[in-house]
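# Geometric and topological summary
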Amino acid sequence: MKIESYACGAWVAGVDEGVEVRNAINGESIGWVSSMGLDFADMLQHGRRKGGSALRQMTIHERANMLKALAKHLLEKKEIFYAISAKTGATRADGRVDIEGGIGTVFAYSGIARRELPNETFAVEGNIERLSARGSFLGRHILTPKHGISLHINAFNFPCWGMLEKIAPSLIAGVPVIVKPATVSCYLTEAMVREIIASGILPEGSLQLICGRTGDMFEHLNEQDSVTFTGSASTGRMLKSHPGIIANSISFNMEADSLNCSILGAGAGPGTAEFDLFVKGVAQEVTVKAGQKCTAIRRAIVPQEHVAAVIDALKERLDKAPVGDPCVEGVKMGSLVGLDQVEDVWEAVHQLADGSEIVHGGKREFEVVGADCDKGAFFPSTLLYCDKPFATDTPHSVEAFGPVSTIMPYANEDEAIELARMGRGSLVGSVVTADNEEATRMVLGMAAWHGRILVLNSDCARESTGHGSPLAPLVHGGPGRAGGGEELGGSRAIKHYMQRTAIQGSPDTLTAITRQFTTGATPKIGPVHPFRKTFDELEIGETLISHRRTVTEADIVNFGCISGDHFYAHFDEIAARDSLFGKRVAHGYFVISAAAGMFVDPAPGPVLANYGLENLRFVEPVGIGDTIQVRLTVKEKIWKARRPDEDRATGVVVWDVEVKNQNDETVAVYDILTLVERSDD
Ligand code: NDP
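Residues numbered from 1 in each chain as written. Predicted model: local features only at pLDDT ≥ 70, side-chain atom pairs only at ≥ 80, totals over all residues. Heavy atoms only, no water.

## Points about the packing of aromatic side chains
- Evaluation of the coordinates by the stated rule reveals nine aromatic pairs.
- Centroid distance W346 to F379: 4.2 Å. Interplanar angle 40 degrees. Geometry classified as tilted. Of the two residues, W346 sits in helix α12 (residues 339–353) while F379 sits in the loop between β15 (357–360) and β16 (382–385), which places them 33 residues apart along the sequence. When sorted by exposure, W346 lands in the same class as F379, which is buried.
- With a centroid separation of 6.1 Å and 65 degrees between ring planes, the pair formed by F531 and F599 is classed as edge-to-face. Here the residue F531 occupies a position in the loop between β21 (524–525) and β22 (542–550), and F599 occupies one in helix α21 (residues 588–599), the gap between them amounting to 68 residues. F599 shares its class with F531; the two are buried.
- Positioned over the ring face of Y82 is R92, at 3.6 Å from the centre of the ring.
- The lysine or arginine in question, R194, covers the ring of W11, its NZ or CZ lying 3.9 Å from the ring centre. (Phe/Tyr/Trp six-rings, centres within 6.5 Å; stacked < 30°, edge-to-face > 60°. Helix = DSSP H or I, 4+ residues; strand = E, 2+ residues; numbered from the N terminus. Buried < 20%, exposed > 50% of the residue type's maximum accessible area, 1.4 Å probe, protein only. Lys NZ or Arg CZ within 6 Å of the ring centre and 35° of its normal.)

Structure (structure tokens):
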């Protein structure tokens, strides 16, 4: 069987025989992989022209909804993927991380995009920057999708998650993708891409797949393209320094191997909950995916007096995790991805053993349950102990990408921090301690070398997602040896595929471009109260100027009695005279309550609910006798898809509110969010 690529709208097999890929458990042939004969320049053009233009016509929320539909579809098909995943040596639990973890990441990105980004084809970022004295010249940043493709070169260990966690932010950004999985496990990625393409959920051209090598694709990349790479530091460096990448300043996000650490706190000796959590965490990171995880704990840093106890406890746990065919009942750890990887890991263990002592596993003879050790890519869980971790660099530089971890002692906190830093940049580190003072010192000491730090103790352990799980809203990536990139990280990952541009101009120009009302823009004042208009009838910039109201002492007294707020600045004449204001002033909350009373149109209408208030600032005090007036302006409209359980279609209208006094001074500014009925559905 030939594993195919999906290029320019068709499934294509390589024209030569290619490379054979085998079942990691029994060595049986799965198929042949080759990309020979693909026209890589055509693939790029197809993606840019067909996929890119289709995606750019959709709004960010439409793209996010499309991905939600895709995630639902893949979830329905998950058993297809589990069956294939077992051939990569993965247990059901390993497969869950890859398959359902990957699908969960797509769901998460869909939600992040709809919550944090506007329902436009582009995004507006940050505040309006005032660039002139009179306010007629302003600046603001926008983010638009790049008009290129994103090429994702992925590692072998997560054939599904590795693809999904990268395509989700790229497609939401509006940028089509070309996925190149690692050859050894590409058959699982191919199976998932077949389901994606067959579903018809993504526009043609937005997803293409290369099974095999990337040929001359790098020669044809241009300044609008992006590359992400996950794999070994050596390949990453080689690709990142390709002349085309350098000449065109092509964005290259790299995630390479890292020597992640976990530190046991000084007070977390045997018998404490944290000691058990530490041991459980290290053992888990050895056995999950047979240690083939970029986030696995390669270095366990332990107070010197607890080393013996940690080694004993780890051995006991690992003895309870039999290695073998993941389909056989009771097997807790599967195989490595292939026989070549087995030899790579043995080579790394030999290097590590020079300067460290093997204290568990590490022998070629070991028990394998339900499979033939010679045919499958099995490796025993292996622990080393390095008693002089400052005297040798090997455990801080050699990564055995399998079920292998090295324990090392520390004498004091500074040593623990120094050892963490000796990884020269890691994706993740963890500190297991109940002492928050110790945690603070350790985190601040090692943070500059880490992309993510987990502080684990009995307060959060039950709900903790653990050391090894990258999460969609949090940064995944690390400095230095870890590649210097950021793959995940909430909307940051989406913005990675977009171009940030500073736009300068007048308030009216910025309002027109950003489709958000910019203070200073010409208000649109009409005869109809804006609360009488539906979502689709309202226009950005539409404004109501309210009647005026003079604030009296009775207002302050009444509001104080209703709210129970008798703060001296409102009620104590003498103290108020000595206060910041020099007189009694109205409650700030009275001002915004009074403002609401001045701008609402009370009769039933299309405005259904007020569900929030943001960015509130009280700028000037309002005293007895001051007269206030309100400006209410449609600032932003966020169209919402109607859910099946909703009886009417709605959108969110963000109103810019400004309250001024009789001297034309602003006393309060804020945004209010209302749900407004749509008449177009
Ligand atoms: P590689 O760096 O060799 O491969 C990673 C990806 O790059 C694969 O898709 C590979 O494709 C591709 N690739 C390799 N050479 C080229 C090239 N010249 N042009 C374009 N693409 C290329 O890593 P391995 O998968 O062999 O793993 C080796 C080591 O990397 C592991 O032992 C581990 O140390 C580390 N690693 C780190 C991971 C992480 O998440 N940080 C994950 C996996 C591995 P192909 O398979 O076709 O060669």
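The discussion continues.
## Re the pairing of strand β9 (residues 177–180)
- Of the two faces of β9, the one lined by V177 and V179 and the one lined by I178 and K180 are each fully buried.
- Pairing of strand β8 (residues 150–153) with β9 involves four bridges; the strand directions are parallel. Bridging from a neighbouring strand, S150 pairs with V177 of β9.
- On the question of chirality, the crossover connecting β8 to the parallel β9 by way of helix α5 (residues 161–173) is right-handed. (Pairing = 2+ DSSP bridges. Right-handed = clockwise from strand over helix to strand, strands pointing away.)

## A closer look at a negative patch on the surface
- A contiguous patch of negative charge, built from D39, D42, D216 and E219, is present on the exposed surface.
- Within the secondary structure, E219 sits in helix α7 (residues 217–220). (Patch = residues over 30% accessible without salt bridge, like charges linked within 9 Å, V, L, I, M, F, W, Y side chains within 5 Å. Areas by Shrake-Rupley, 256 points an atom, 1.4 Å probe, with all protein chains shown as cover. Salt bridge = Lys/Arg side-chain N within 4 Å of Asp/Glu carboxyl O. Lys, Arg positive; Asp, Glu negative; His and termini not counted. Charge placed at Lys NZ, Arg CZ, Asp CG, Glu CD.)

## Observations concerning the sheet that holds β22
- Spatially, the six strands line up as an open sheet ordered β21-β22-β24-β25-β26-β23, and their pairing is mixed. Looking along the sheet, the strands with just one partner apiece sit at the ends: β21 and β23 (607–618).
- By the bridge criterion, 10 bridges tie strand β24 (residues 627–639) to strand β25 (residues 650–660) in an arrangement that is antiparallel. By the bridge assignment, L632 is partnered in β25 with V657.

## Things to note about the pattern of salt bridges
- What the rule picks out here adds up to 33 salt bridges.
- Here R481 makes a salt bridge to D257, at a shortest N to O gap of 2.8 Å. With a gap of 224 residues between them, R481 in the loop between β19 (450–456) and α16 (491–495) and D257 in the loop between β12 (251–256) and β13 (261–264) connect regions that are remote in the sequence.
- Residue classification places R481 among the partly exposed positions, given a relative accessible area of 24%.
- Residue E285 is joined to K293 by a salt bridge in which the shortest nitrogen-to-oxygen separation is 3.0 Å. The residues E285 and K293 share a single accessibility class, namely buried.
- A cluster of three or more residues bridged by salt bridges with shared partners is formed by K640, R643, D645 and E646.

## Focus on the sheet that holds β19
- The sheet built from seven strands is open, its strands ordered β15-β16-β17-β14-β13-β18-β19 with mixed pairing. On the outer flanks of this sheet lie β15 and β19, each paired with one strand and no other. Each strand axis lies, on average, 25 degrees off the axis of its neighbour in the sheet, ignoring direction. (Axes fitted to C-alpha atoms, helices over the stretch in contact; angles between N-to-C directions.)

## Describing the site of the ligand
- Taken together, 25 residues are adjacent to the ligand, and N154, T183, R213, S232 and E399 come closest.
- For the ligand, an oxygen atom lies 2.8 Å from a polar atom in the side chain of T235.
- One of the backbone N or O atoms of A256 is found 3.1 Å from a nitrogen atom in the ligand.
- When contributions to the shell around the ligand are tallied by element, the ones reaching two or more residues are β11 (226–231), α8 (233–240) and β12. (Near = heavy atom within 4 Å. Polar contact = N/O pair within 3.5 Å; in protein donor to acceptor, adjacent residues only side chain to side chain.)

## With respect to α21
- Taking 1.5 Å as the rise per residue, α21 with 12 residues should run 16 Å; its terminal C-alpha atoms sit 17 Å apart, in good agreement.
- Summarising the contacts, the buried residues of α21 are in contact with β22, α18 (553–563), β23, β24, β25 and β26 (666–677). (Expected span 1.5 Å × (residues − 1). Contact = heavy atoms within 4.5 Å.)

## Some details on helix α1 (residues 40–57)
- Along its 18 residues, α1 runs 25 Å from first to last C-alpha, staying within 8% of the 26 Å computed at 1.5 Å per residue.
- Its axis deflected by about 30 degrees at G51, α1 carries its strongest bend there.
- Taken as a whole, α1 has its buried residues at F40, M43, L44, H46, G47, R48, G51, G52 and L55.
- In this structure, the buried residues of α1 make contact with β2 (5–7), α2 (60–76), α5, β9, β10 (207–209) and α7.
- Where α1 begins, one side-chain oxygen reaches toward the backbone nitrogen of A41, 3.2 Å away; that side chain belongs to D39. (Bend = angle between axes of the 7 residues up to and from the residue.)

## Overview of the environment of M498
- Assignment of secondary structure puts M498 in strand β20 (residues 498–505).
- For M498, a relative accessible area of 6% puts it in the buried group.
- Put simply, M498 and P602 are 104 residues apart on the chain and 43 Å apart in space, counted from C-alpha to C-alpha.
- Apart from the residues within four sequence positions on either side, M498 is in contact with I60, A123, L143, T144, P145, K146 and A173.

## Digging into the side chain of T406
- Assignment of secondary structure puts T406 in strand β17 (residues 404–410).
- If sequence neighbours within four positions are ignored, T406 has contacts with R298, R299, A300, L352, S356, L384, C386 and P395.

## Notes on the pairing of β25
- For β25, the tally of buried residues reaches 10 of 11 residues, placing the bulk of the element in the interior.
- Looking at chain direction, β25 and β26 are connected through 11 bridges and run antiparallel. Within β26, the position partnered with D656 by the bridge is D671.
- Here β25 folds back onto β26 in antiparallel fashion, the turn holding five residues, of which D664 has a positive phi close to 65 degrees.

## Some thoughts on the nonpolar core
- The biggest cluster of nonpolar side chains holds 56 residues, and the ones touching the most others in it are Y109 and M192.
- Take this core: its biggest share by element is eight residues, from α5.
- Here M192 is in contact with L74, F81, I99, C160, M163 and L164, once residues within four sequence places are set aside.
- With 33 residues, the next largest nonpolar core counts V591, V630, V634 and V657 among its residues. (Core = buried A, V, L, I, M, F, W, Y, C linked by side-chain atoms within 4.5 Å.)

## Observations concerning the side chain of N457
- Position of N457 among the secondary structure elements: in the loop between β19 and α16.
- With a relative accessible area of 9%, N457 lands in the buried category.
- Engagement of the side chain of N457 in a polar contact is seen with the backbone nitrogen of D459, the distance being 2.9 Å.
- Setting aside residues up to four positions removed in sequence, N457 forms contacts with E274, L277, T433, A434 and N436.

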